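Analysis of the macromolecular model
Now for the letters of each chain:
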Amino acid sequence: MRLQTLFRAVIVGPPGSGKGTVSGRIANSFGLKHLSSGDILRSNIKAKTDLGLLMKSCIDQGQLVPDDVISRLILSQLRCMEESGWLLDGFPRTVAQAEALEGVYAIDSVINLDVPFETIKGRLTSRWLHLPSGRVYNTDFNPPKIPGLDDATGEPLVQRADDTPETVTRRLKSYERQTQPVLEYYRSKGVLETFSGTETNKIWPHVHAFLARKIPSGNQQAFGKV
Ligand code: G5P
Ligand code: MG
C-alpha cells in the first residue's frame, strides 16, 4: 500500500545538460533519493571491482555499457530502496533499459532537460567532481570555495576521464542515437515533461514548480532526505 504512494522519477538529458546538478537540488527540496548510474559505475572503477575493471574502457571511450549489465546493477540497487521515493539519473538510457525498468516499477514522471549541444560542450571540460559524493563543480558556473577541494569535506576534486572534447562528441552522438528514442518511449506513456533552456538556474524554478504540483506536501516529508 505504502509503495503505491511513493514518487518515482527519472531525469534524462544529454551529457552535461545538468542532470547531476538538478538532481542534487531535487533531492534537497523533495527528499527523493538520487541514484546516478554514472556515479555507481565510477565508484566501481575507483574501487577496482570486477565490474569497474570490465566497464572502464567502455566509459572512458564515451560508449554505453551493455544494457543487461547496467539494468541488473540498477534494479538490484532499487530493491534496497523499496521504502523510498527516488530519482534515477542516467538510467534508463536505451529503450531496452526503459523496458527492463518498466517491468518492475511504474514511473510517475520523466524530467527531460533539453539543453542545446553547443551550450554543453564548454561546460564539461571545466567540470570538477568529488568522487565519493558525486558533487559536481564548474570553474565558471559553481566553483568550489577553495580551488580543487570539495566544499563539504575538503577532499580533492578530480576531472572525469570521459570529459575530453573528443569523448564528449562521442557521448553526444550516442545520446542522439540511443537515448533520444527513450524520450519517445516515455512521451507515448504520457509521463514526459520537457524543460528547455541554456542555464540551470533558469530551468530549475520550472522543475521545482512542476514537482511541487506532482508531489503532495505531506508525501514530501514522508519520503525523508537522503
Ligand atoms: P553519466 O555519469 O550519466 P552523462 O554523460 O549522462 O554521464 P554527465 O556528464 O554526468 O552526463 P550531467 O549530470 O547531465 O552530465 O551534468 P552536470 O554534471 O550536472 O553538469 C555538467 C557541468 O556543467 C558541471 O560542471 C556543472 O557544474 C555545470 N553546469 C550545470 N549547469 C550549468 C549552467 O547553467 N551553466 C554553466 N556554465 N555550467 C553549468 O554517464 C557516464 C558514462 O557512464 C556510462 C556511459 O559510458 C556514460 O557515457 N553509463 C551508462 N551506460 C549505459 N547505460 C546507462 N544507463 C549508463 N549510465 C552511465
Ligand atoms: Mg551526471
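The rules we used
- Residues numbered from 1 in each chain as written.
- Chains lettered and ligands numbered in written order.
- Predicted model: local features only at pLDDT ≥ 70, side-chain atom pairs only at ≥ 80, totals over all residues.
- Heavy atoms only, no water.
- UniProt positions renumbered as here; feature names shortened; annotations may be inferred.
- Pairing = 2+ DSSP bridges.
- Helix = DSSP H or I, 4+ residues; strand = E, 2+ residues; numbered from the N terminus.
- Axes fitted to C-alpha atoms, helices over the stretch in contact; angles between N-to-C directions.
- Near = heavy atom within 4 Å.
- Polar contact = N/O pair within 3.5 Å; in protein donor to acceptor, adjacent residues only side chain to side chain.
- Areas by Shrake-Rupley, 256 points an atom, 1.4 Å probe, with all protein chains shown as cover.
- Nonpolar A, V, L, I, M, F, W, Y, C, P; charged D, E, K, R; others polar.
- Contact = heavy atoms within 4.5 Å.
- Buried < 20%, exposed > 50% of the residue type's maximum accessible area, 1.4 Å probe, protein only.
- Parallel < 35°, antiparallel > 145°, perpendicular 65-115°, else oblique.
- Left-handed = near helix turned anticlockwise from the far one by under 90°.

Within an unreviewed UniProt entry, the label attached to the protein chain reads GTP:AMP phosphotransferase AK3, mitochondrial, and the organism entered is Denticeps clupeoides. Looking at the Sequence similarities (unreviewed entry) heading of the UniProt record, one finds this comment for the protein chain: "Belongs to the adenylate kinase family. AK3 subfamily."

Overview of the sheet that holds strand β2 (residues 33–36)
Ordered in space as β2-β3-β1-β4-β7, the five strands form an open sheet in which the pairing is parallel. At either margin of the open sheet sits one strand with a lone partner, and together these are β2 and β7 (192–196). Looking at each pair of strands side by side, their axes are set apart by 20° on average, direction ignored. As judged from the four bridges shared by β2 and strand β3 (residues 86–89), these two strands associate in the parallel manner.

Observations regarding unusual backbone geometry
Of note, the amide linkage connecting Phe91 to Pro92 takes the cis form, showing an omega dihedral of 0°. Following the sequence through the fold, Pro92 ends up in the loop between β3 and α6 (95–102). One non-glycine residue, Lys48, lies in the positive phi region at around 55°. By the secondary structure assignment, Lys48 is in the loop between α3 (37–46) and α4 (50–60).

Concerning the site of ligand 1
The local shell around ligand 1 holds 34 residues, among which Thr21, Gln63, Arg93, Arg171 and Thr200 are the closest. In the environment of ligand 1, an oxygen atom lies 2.8 Å from a nitrogen or oxygen atom belonging to the backbone of Lys19. At a separation of 2.8 Å, an oxygen atom of ligand 1 approaches a polar backbone atom of Tyr137. For ligand 1, whose accessible area on its own is 1100 Å², the fraction buried by protein is 95%. Breaking the shell around ligand 1 down by element, the ones donating at least two residues are α2 (19–30), α3, α7 (117–125) and β6 (135–138). In terms of residue count, α3 provides more of the shell around ligand 1 than any other element does, four residues in total. Partitioned by chemical class, the residues of the shell around ligand 1 number twelve nonpolar, 13 polar and nine charged.

Remarks on the UniProt feature "domain: Adenylate kinase active site lid" (unreviewed entry) in the protein chain
Taken from the UniProt record, the annotation "domain: Adenylate kinase active site lid" (unreviewed entry) applies to residues 127–162. Split by type, residues 127–162 is 0% helix and 22% strand. Its first and last C-alpha atoms lie 11 Å apart.

Description of the side chain of Ser17
Here Ser17 is to be found in the loop between β1 (8–12) and α2. There is a polar contact of 2.7 Å between the side chain of Ser17 and the backbone oxygen of Pro14. Not counting residues within four places of it along the chain, the set of residues in contact with Ser17 comprises Leu113, Val115, Ile120, Arg123 and Thr200.

Here we look at the environment of Lys33
Among the secondary structure elements, Lys33 is positioned in strand β2. Judged by its relative accessible area of 27%, Lys33 is partly exposed. Each C-alpha atom of the pair Lys33 and Arg135 lies 14 Å from the other, and the pair is 102 residues apart in sequence.

Considerations on the side chain of Ser126
Its location among the elements puts Ser126 in the loop between α7 and β5 (127–130). Looking at Ser126, the relative accessible area reads 11%, which means it is buried. In contact with Ser126, not counting residues within four places along its chain, are Tyr137, Asn138, Thr139, Asp140 and Gln159.

So, the UniProt feature "binding site: GTP" (unreviewed entry) in the protein chain
The UniProt record marks Gly16, Ser17, Gly18, Lys19, Gly20, Thr21, Arg127, Val136, Tyr137 and Thr200 with the feature "binding site: GTP" (unreviewed entry), using the residue numbering of this structure. Judged by its relative accessible area of 2%, Ser17 falls in the buried class. Position of Gly20 relative to the elements: it lies in helix α2. With residues near it in sequence (within four places) discarded, Gly20 still touches His34 and Asp89.

Regarding the packing of α2 against helix α9 (residues 200–214)
Where α2 contacts α9, the two axes come as close as 11 Å, and the packing angle between them is 40°. With respect to each other, α2 and α9 are oriented oblique. At the point where α2 passes α9, the crossing takes the right-handed sense. Residues Thr21, Val22, Arg25, Ile26, Ser29 and Phe30 of α2 form the contact with α9, whose own contacting residues are Thr200, Asn201, Trp204, Val207, His208, Leu211 and Ala212. Residues of the contact of α2 with α9, tallied by class, amount to seven nonpolar, five polar and one charged.

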